[in-house]
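A look at the structure
Take a look at the letters that make up each chain.
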Amino acid sequence: MTTAILDVNGARYGLDYHGHDQPLHAWTDEHELRLSPWLLGQHLAALGQTTRVDDGALGLDAGAYAAQVLGPALQQVDAVARWGPLALWWAAGAEPEAPPATYTLRPWTMLERASAVRAALDPETGAFQVGRYLGMLVACCVQRVSGPDPLALPMARGGPLLAAVCRLCAPEPLLPPVVADPALRRLTLRICAALGWSPARVWQTPAGELDQLLALLDDTPVTRPRPRPRLSTLADHRDTHTIEIDD
Amino acid sequence: MPKIYAANRSNVLVDGEALEGAQTLHYRVVVERQDIRAIGSDERIDVAFGLRTVEGELIVRSSSDKLDTLLAQSARFQVVANLKKDVGMVTESTRTVSFDDCFVTGKRFDMDAGDTARTLYSFTATRVREE
């Protein structure tokens, strides 16, 4: 048995702690509590009930979230006040870990993201179900090599996995130099158009290689497809009347 | 800018027969004009207006035997375009454009974006009447 004392913002608990992936036994002077490992799937379901979007900002009701962690038997206000800090500590995971190596991640496609937004957004009320959106993100972009279903991972390991896939699918906005520098914008779009590359690939390419590519593009005559001649010769006259007849 | 009428529930009649597959009708009125000069002046003193003809084009999907025959025979014909447009539940006739004493002067082929053959028939008319 590993006995420890946990202090969360002044709330003190005695713990029988064996890691966040094992059941937890906690007690205070008068009460005791047993918690099962808090799983990624439970976290996403709880987010759906405890988050809301106001004025474009995502807000979390920490008390309601803690009540979800504590479970249906401890929904009373005094129980949440007593055990809430412990519940939030338990849900957050002890130490940040690297994402498990038994899963591979990939960025989601535009179609997958649009499907997730459609599933998460209520068009009538405008309510956005964050948990459902993130659940579809995990389902689309986390591929299991081995190990359990990602949603069955304890948050100590599922949390870093979720953070990693979020970073992969929602990269930082364009860096200021790219947005501000017209020459860099033109160069990026020119290479993207000529070679079909993504902007990220252009920026990660060695500068010398890009210079060589630009030199090749400069020396290559641009061949544009010949425009198809218009069937009508009258249509271009300013005084022509045109009647379109629908079937 | 061209003047464009978009009409549904419309038809084009060639000598009273409906022209199947009619897509577009272009036309313009051409009037010959001559400036009248005067000796001793670099300005014109009047304008003389001459022949007034109508140039037209009919685009048909995919071709018209009737117009092909008229082209082969250099025969005279009349074109009437009845433009009707639905206004709510009521079909309201809004415009009739008639071309008198027409002759087909040529034709060209094209494939549109949907890979459908189209034929353009050029014609001239003595006059156009809009009612």
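Residues numbered from 1 in each chain as written. Chains lettered and ligands numbered in written order. Predicted model: local features only at pLDDT ≥ 70, side-chain atom pairs only at ≥ 80, totals over all residues.

Within chain B, the regular secondary structure consists of one helix and nine strands. Ordered by position in the sequence, the α and β elements of chain B form the string β-β-β-β-β-α-β-β-β-β. Looking at chain B as a whole, 24% of its 131 residues qualify as buried. Long-range pairs, those at least 24 residues apart, make up 60% of the contacts in chain B with a sequence separation of at least 6. (Helix = DSSP H or I, 4+ residues; strand = E, 2+ residues; numbered from the N terminus. Buried ≥ 20, exposed ≤ 12 C-beta atoms within 10 Å, placed from the backbone. Contact = placed C-beta atoms within 7 Å.)

Within a sheet, neighbouring strands are paired by backbone hydrogen bonds and run either parallel or antiparallel to one another. All names here are of chain A. Read from one edge of the open sheet, four strands run E1-E2-E3-E4, paired in antiparallel fashion. A single partner strand is all that each edge strand has here, and the edge strands are strand E1 (3-8) and strand E4 (32-35). Averaged over all adjacent pairs, the angle separating strand axes in this sheet is 30°, with direction ignored. (Pairing = 2+ DSSP bridges. Axes fitted to C-alpha atoms, helices over the stretch in contact; angles between N-to-C directions.)

Here we take up the packing of helix H1 (residues 40-50) of chain A against helix H5 (residues 130-141) of chain A. Residue and element names in this part refer to chain A. Contact geometry for H1 and H5: axes closest at 6 Å, N-to-C directions at 150°. It follows that H1 is roughly antiparallel to H5 by the angle criterion. Residues Leu 44, Ala 45, Leu 47 and Gly 48 of H1 form the contact with H5, whose own contacting residues are Val 130, Gly 131, Arg 132, Leu 134 and Gly 135. Taken together, the residues of the contact of H1 with H5 break down into five nonpolar, three polar and one charged. (Parallel < 35°, antiparallel > 145°, perpendicular 65-115°, else oblique. Nonpolar A, V, L, I, M, F, W, Y, C, P; charged D, E, K, R; others polar.)

Another point: the packing of H5(A) against helix H6 (residues 155-169) of chain A. Residues and elements named next belong to chain A. Their axes nearest at 10 Å, the elements H5 and H6 cross at an angle of 85°. For the element pair H5 / H6, the angle class is roughly perpendicular. Each of Leu 134, Leu 137, Val 138 and Cys 141 in H5 lies in contact with H6, whose residues at this interface are Leu 162, Val 165, Leu 168 and Cys 169. For the contact of H5 with H6, the per-class residue count stands at eight nonpolar, no polar and no charged.

This brings us to H5(A). When the terminal C-alpha atoms of H5(A) are compared, their 16 Å separation across 12 residues agrees well with the 16 Å that a helix rising 1.5 Å per residue should span. Within H5(A), burial applies to A:Leu134, A:Gly135, A:Met136, A:Leu137, A:Val138 and A:Cys141. (Expected span 1.5 Å × (residues − 1).)

A cis amide bond links B:Arg61 with the next residue in sequence, B:Ser62, at an omega value of 0°. By the secondary structure assignment, B:Ser62 is in the loop between strand E5 (46-60) and helix H1 (65-73). Of note, the phi angle at A:Asn9 is positive, near 50°, even though the residue is not glycine. Note on placement: A:Asn9 falls in the loop between E1 and strand E2 (11-16). Under the C-beta neighbour-count criterion, A:Asn9 is labelled exposed, with 7 such atoms within 10 Å.

Turning next to the environment of B:Asp68. With respect to the helices and strands, the residue B:Asp68 is situated in helix H1. The sequence separation of B:Asp68 and B:Gly106 amounts to 38 residues, and the corresponding C-alpha distance is 9.4 Å.

Detailed reading of the predicted model is not advised wherever pLDDT is low. Put simply, chain B has an average pLDDT of 86, and 85% of its residues get 70 or more. Scored as a complex, the prediction yields pTM 0.52 and ipTM 0.85. (pLDDT = per-residue confidence, 0-100.)

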